[in-house]
Amino acid sequence: MYGYCGTEAKFAAWLQSALRAVWTKHPSKLSLVQSRRVALKVGPKAKPIFHIQCFHCKKMYKLREIEVNHKTQVGGLLKLEDRYRFLDNLLLVQPEDLELLCHECHGIVTYMERYGVSRREAIIEKKCIAFSKLTDAQQIAKCKEAKFAEIPKTKIGRKNMVREYLRKVLPQ
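Note that this is a predicted model, so its numbers are computed, not measured.

Caption draft 1: Inspection of the packing of aromatic side chains at higher detail. The final tally for this structure, using the stated rule, is three aromatic pairs. Pairing tyrosine 111 with tyrosine 115 gives two aromatic rings, centres 4.5 Å apart and planes at 45°, and the pair type is tilted. Of this pair, tyrosine 111 and tyrosine 115 both sit in helix 4 (residues 103-115), separated by four residues, roughly a single helical turn. Ring centres of phenylalanine 148 and tyrosine 165 lie 5.1 Å apart, and the angle between their planes is 80°; this geometry places the pair in the edge-to-face category. In this pair, phenylalanine 148 sits in the loop between helix 6 (136-145) and helix 7 (155-169) while tyrosine 165 sits in helix 7, placing the two residues 17 residues apart along the sequence. Judged by relative accessible area, which is 16%, phenylalanine 148 ranks as buried. Assessed through its relative accessible area of 35%, tyrosine 165 is described here as partly exposed. We note arginine 37 situated over the ring of phenylalanine 50; from NZ or CZ to the ring centre the distance is 4.0 Å.

Dropping the structure here:
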């Protein structure tokens, strides 16, 4: 029934991948990007480079540093019965249903949607995840730089300490 995929889950994953490939050339996505891009001359090169302003942080980014976010969460396609919802949310959109975000802001929005947390909590967790990917030496150096009195010996201890620190210093 599911051809070479074998199972419903594998077929759903294949279908999700194929539909996301269609999304890369979606007319609403392309028209939004084209309408928001601005040619800026950066550095000594005379040739202008297209930039787009992130809808959230308002900074300008090169086109390759921008991601198109659906304002309504698309979600995943885990079961075939979800295919119509997934298809509608992914492809039946207009430019006003989308927003252009930098990688960092898109990661924060995705984290908020996936885990049901506030923007502030998502920022804290994303920073903690990035911190946890550093080597022990890099983590310890960052802790010393932040002038922590005592630095835990374990990675999880340092990550938890950074989380508590960020909760104190980031604005509500």
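Caption draft 2: Region of the structure containing the sheet that holds strand 1 (residues 38-40). One open sheet accounts for three strands, arranged 1-2-3; its pairing is antiparallel. Of all strands in the sheet, those bounded by a partner on one side alone are strand 1 and strand 3 (60-62). Ignoring which end each strand starts from, the neighbouring axes of this sheet average 50° apart. Where strand 1 meets strand 2 (residues 49-53), three bridges bridge the pair, whose relative direction is antiparallel. Directly across from alanine 39, in strand 2, lies its bridge partner phenylalanine 50.

Caption draft 3: Examining helix 2 (residues 27-36) more closely. Along helix 2, the residues that are buried comprise Ser28, Lys29, Leu32 and Val33. End-on view of helix 2: buried residues confined to an arc of 130°, all on one side of the axis. For helix 2, exposure combined with an orientation more than 90 degrees from the buried face picks out Pro27, Gln34 and Ser35. Considering only its buried residues, helix 2 is in contact with helix 1 (8-23), strand 2, strand 4 (66-70) and strand 5 (98-102).

Caption draft 4: The arrangement of the pairing of strand 5 in detail. The element strand 5 is largely enclosed, with a buried count of five among its five residues. Because side chains alternate across strand 5, one face comprises the buried residues Leu98, Leu100 and Cys102, and the other comprises Glu99 and Leu101, equally buried.

Caption draft 5: Broad picture of the pattern of salt bridges. Tallying each qualifying case throughout the model produces seven salt bridges. Here arginine 167 makes a salt bridge to glutamate 121, at a shortest N to O gap of 3.2 Å. Here arginine 167, found in helix 7, pairs with glutamate 121, found in helix 5 (residues 119-132); they are 46 residues apart in sequence, far enough to count as distant. Classification of glutamate 121 as partly exposed rests on a relative accessible area of 22%. Here the salt bridges do not stand alone but share partners, grouping Arg120, Glu121, Glu164 and Arg167 into one network.

Rules and cut-offs
- Residues numbered from 1 in each chain as written.
- Predicted model: local features only at pLDDT ≥ 70, side-chain atom pairs only at ≥ 80, totals over all residues.
- Heavy atoms only, no water.
- Phe/Tyr/Trp six-rings, centres within 6.5 Å; stacked < 30°, edge-to-face > 60°.
- Helix = DSSP H or I, 4+ residues; strand = E, 2+ residues; numbered from the N terminus.
- Buried < 20%, exposed > 50% of the residue type's maximum accessible area, 1.4 Å probe, protein only.
- Lys NZ or Arg CZ within 6 Å of the ring centre and 35° of its normal.
- Pairing = 2+ DSSP bridges.
- Axes fitted to C-alpha atoms, helices over the stretch in contact; angles between N-to-C directions.
- Arc of directions from axis to C-beta.
- Contact = heavy atoms within 4.5 Å.
- Salt bridge = Lys/Arg side-chain N within 4 Å of Asp/Glu carboxyl O.

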